[in-house]
Amino acid sequence: MALTLEEVRSIAHLARLKLTAEEERLFASQLSDVLEYAARLGEVDTSQIPPTASVLPMNAPLRPDEVRPCPPRDQLLANAPDTEGGMFRVPRVLDLEP
Amino acid sequence: MAELTDLTLLEAASALRSGDVSSTELTRACLNRIQSLDSQVRAFLTVTEDLALAQAKAADQQFSNRSAESLPTVLGIPIAVKDVLCVEGVLTTCGSKILEGFRPTYSATSVSRLVGAGTVILGKVNTDEFAMGSSTENSAYGVSHNPWNLDRVPGGSSGGAAAAVAARMCFAALGTDTGGSVRQPAAFCGVSGLKTSYGRVSRYGLIAYGSSLDTVGGLARNVADLAPIFSVMAGQDPLDSTSVPDPVPEIPLNGSGVGELRIGVPKEYFIEGLQPEVGTAVRAAIEAFREMGATISEISLPHTDLALPVYYIIAPAEASANLARYDGVRYGPRRGPSEYPEDYFVTRGELFGPEVKRRIMLGTYALSAGYYDAYYGQAQKVRTLIKGDFEAVFEDVDLIACPVTPTTAFEIGAHGDDPLSMYLEDVLTLPANLAGIPGLSFPVGFDSDGLPIGMQLMAPHLGEAQLFSAAYAYQAAASWHTRWPEL
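Anyway, here's the lowdown on the structure attached to this text.

Quick notes on the rules
- Residues numbered from 1 in each chain as written.
- Chains lettered and ligands numbered in written order.
- Predicted model: local features only at pLDDT ≥ 70, side-chain atom pairs only at ≥ 80, totals over all residues.
- Helix = DSSP H or I, 4+ residues; strand = E, 2+ residues; numbered from the N terminus.
- Rg over C-alpha atoms; globule rule 2.2 N^0.38 Å.
- Buried ≥ 20, exposed ≤ 12 C-beta atoms within 10 Å, placed from the backbone.
- Core = buried A, V, L, I, M, F, W, Y, C linked by C-beta atoms within 7 Å.
- Contact = placed C-beta atoms within 7 Å.
- Nonpolar A, V, L, I, M, F, W, Y, C, P; charged D, E, K, R; others polar.

## Some points on the overall build of chain A
When helices and strands are tallied, chain A shows three helices and two strands. Its helices and strands taken in sequence order, chain A reads α-α-α-β-β from the N to the C terminus. At 23 Å, chain A has a C-alpha radius of gyration far larger than the 13 Å of a compact globule built from 98 residues. If one aligns the C-alpha atoms of chain A with their principal axes, the spans along those axes are about 55 × 45 × 30 Å. For chain A, buried positions account for 15% of its 98 residues.

## Focus on the nonpolar core
Residues and elements named next belong to chain B. In terms of nonpolar packing, the biggest core is built from 174 residues, with Ile79, Ala164, Val165, Cys170 and Ala173 touching the most fellow members. Of all the elements, helix 9 (residues 307–322) adds the most residues to this core, at 10 residues. Beyond its immediate stretch of four places on either side in the chain, Ile79 contacts Thr119, Val120, Ile121, Leu122, Cys170, Phe171, Ala172, Ala173 and Leu174.

## Digging into the interface of chain B and chain A
Taken residue by residue, the interface counts 56 residues in chain B and 42 residues in chain A. Looking at the side of chain B that touches chain A, the elements that each hand over two or more residues are helix 9, helix 10 (342–351), helix 11 (354–367), helix 12 (373–393) and helix 13 (419–423) of chain B. The element that contributes the greatest number of residues to the side of chain B that touches chain A is helix 12 of chain B, accounting for 12 residues. Broken down by class, the residue content of the side of chain B that touches chain A amounts to 29 nonpolar, 16 polar and 11 charged.

Next up, the structure:
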């Protein structure tokens, strides 16, 4: 299964990755190799087989909803590239009229 | 006494108890060795000298205050931590530029339990970026070198951990294993490495790669040294809902019970392409178990050859979701114009390395509309078959014995621009992660180039005690684990 450059660009867009033209070409070929290798999974008859999402029986354990300490705000913000007034500062995401 | 760094963890613990040595002396000996050798090995990304000496001082205080019997074995023992595990206040990069400068506000449960028991943290050791790789060549901070031959890789992704242990820069190291990342570097560096059962050790504070596969484990100079590390780390944690409530067993280190063991040898693991010396050494080790009274039988795990394609769909799918959080908002640097959403694209495009981008792309594709059923859905169903292979076999045998890696440590650069050929390095370790079972890798010989050969034992889910017991019995009679590289 060979991926086209167009498909690579569309996957990169979904994954929010800006790729160089060189990366697009390289990934098209490398990802195609892996997908071709993975294609053998399609040959296995799994019509009667349930999927395994986790090896443990997942029964979503519950706990009491209690207030617990969390790290102070200035510590959490200290790792951010840009902050203002005790908040993460990001480029404008909404086009609102002022 | 010889060099302090030549001691095993248990010998060091015993010397601390007798008062022959202090934790501060052990810690300084490790720091000195890192200082003098790590320019060649490049195992460490961050050395936490001040933290280590403060922890050592506190440990020495405890030894002087209390009777030694009541103190944890790991008290005062210097270890290294793979850079995907959070240590509060200490740089934690996952070998990635996208987490450059990140200092977690909390420690991983595995780390905080060890620190709570008095373990000394020497620093953070190298890893393939976000644990994606088999050589440390995917680290954004440079490759680590195999102490047995500096032109070879130490394996990966816990390659820094394995190299640091083999070079005797620390008494043990914490690693993580999502597809073989503890066992393979342990084999390449001639040390012992434990991949724990899924759910046995909390994943809290382990920066996520493939959440249904990720496990925390340890590497040390021998199997006995791993036991106290495991005992402290293991056990349920309210901060990880996938950690299991089952009690952590006592680890028997007396070599008893090997005579009753039934060990299965899976024919599918002696693959075409297996380096002949690896096959020979592993078969000799299996023969040693037979001589100790174990019953050896050939078994079949028929879906083994499907583990690789299953893994390279499921792990990237989980990674693509887990790594969506790196957007240059809350941690790490931000790149590109101050314009949404272009800043996300540029930050991620520039700061993730090629292998991480490949796996994010692969996972995004496998989860995308129109391909989900064919790839991710199908991989999850075949995973059921692989897990079923192990369940069926463990009806008849107690342990599985097989090679860890197809070859001994390969040369830096050997896999160049061919990711698929690198993925094939993991073919013998991936199945245990897909099934969630524990595995233990330990040295069983050397090839003609003087490179270590590893063997792995696998046990049923939560069967770590059996692994320890059997491997301990082997090491009580063998001497491979007592050989160390000249540096």
